[in-house]
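Breakdown of the fold
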Amino acid sequence: MTLTLDLSPELEQYLLQEANQHGLSVEVLALQLLENSILLKQKQTEAVNLLQSWIDDEDGAEQQETGQYLIHALDDDRLSERKLFPLEMKGITW
């Protein structure tokens, strides 16, 4: 597909500078920027979908169990005796 774009002078200057800096033609640089933008958008969509699937997961017991495991693991694997999640602060700060 061939596209014809009307660029602002600022954007044109930016593309020229970046292309020269990387030793590329303006066309190749513009194509790389477009591809990178699309790939980033796809990765963001995948991440959002994964997070949403975790949120939608209706297994509350498993989530509670995992949360408790993480709290204990973080508290047990410390160099100091001070706990990150002291029981007396449960429901107050965490």
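Here is what the cut-offs are and how they apply
- Residues numbered from 1 in each chain as written.
- Predicted model: local features only at pLDDT ≥ 70, side-chain atom pairs only at ≥ 80, totals over all residues.
- Heavy atoms only, no water.
- Helix = DSSP H or I, 4+ residues; strand = E, 2+ residues; numbered from the N terminus.
- Expected span 1.5 Å × (residues − 1).
- Polar contact = N/O pair within 3.5 Å; in protein donor to acceptor, adjacent residues only side chain to side chain.
- Contact = heavy atoms within 4.5 Å.
- Axes fitted to C-alpha atoms, helices over the stretch in contact; angles between N-to-C directions.
- Parallel < 35°, antiparallel > 145°, perpendicular 65-115°, else oblique.
- Nonpolar A, V, L, I, M, F, W, Y, C, P; charged D, E, K, R; others polar.
- pLDDT = per-residue confidence, 0-100.
- Patch = residues over 30% accessible without salt bridge, like charges linked within 9 Å, V, L, I, M, F, W, Y side chains within 5 Å.
- Areas by Shrake-Rupley, 256 points an atom, 1.4 Å probe, with all protein chains shown as cover.
- Salt bridge = Lys/Arg side-chain N within 4 Å of Asp/Glu carboxyl O.
- Buried < 20%, exposed > 50% of the residue type's maximum accessible area, 1.4 Å probe, protein only.

1. Section: helix α1 (residues 9–22)
Between its first and last C-alpha atoms α1 spans 20 Å; for 14 residues at 1.5 Å apiece the expected length is 20 Å, and the two agree. In the segment just after α1, Gly-23 is the residue with positive phi, at about 70 degrees.

2. A few points about the side chain of Asp-75
By the secondary structure assignment, Asp-75 is in helix α3 (residues 60–76). Within the structure, Asp-75 has its side chain in polar contact with the backbone nitrogen of Leu-84 (distance 2.6 Å). Aside from chain neighbours lying at most four places away, what touches Asp-75 is Lys-83, Leu-84 and Phe-85.

3. Observations concerning the packing of α1 against helix α2 (residues 26–56)
Their axes nearest at 9 Å, the elements α1 and α2 cross at an angle of 100 degrees. With respect to each other, α1 and α2 are oriented roughly perpendicular. Residues Leu-15, Leu-16, Glu-18 and Ala-19 of α1 touch α2, and the partners they reach there are Val-26, Leu-29 and Leu-33. Residue composition of the contact of α1 with α2, grouped by class: 6 nonpolar, no polar and 1 charged.

4. A closer look at the environment of Tyr-14
Note on placement: Tyr-14 falls in helix α1. Through-space distance from the C-alpha of Tyr-14 to that of Phe-85 is 50 Å; in sequence the pair is 71 residues apart.

5. Re the confidence of the model for the chain
On average, residues of the chain score 90 in pLDDT, and 100% of them are at 70 or above. Across the chain, α1 holds the top mean pLDDT of 96, while α3 sits lowest at 86.

6. Re a nonpolar patch on the surface
On the surface, Met-1, Leu-3, Leu-5, Leu-7, Leu-11, Tyr-14 and Leu-33 cluster together into a nonpolar patch covering about 770 Å² of accessible area. Its relative accessible area of 40% is what places Tyr-14 among the partly exposed residues.

7. Looking at the environment of Gln-63
Within the secondary structure, Gln-63 is located in helix α3. Since its relative accessible area comes to 39%, Gln-63 is described here as partly exposed. For Gln-63, the residues in contact, after removing those within four places along its chain, are Trp-54 and Asp-57.

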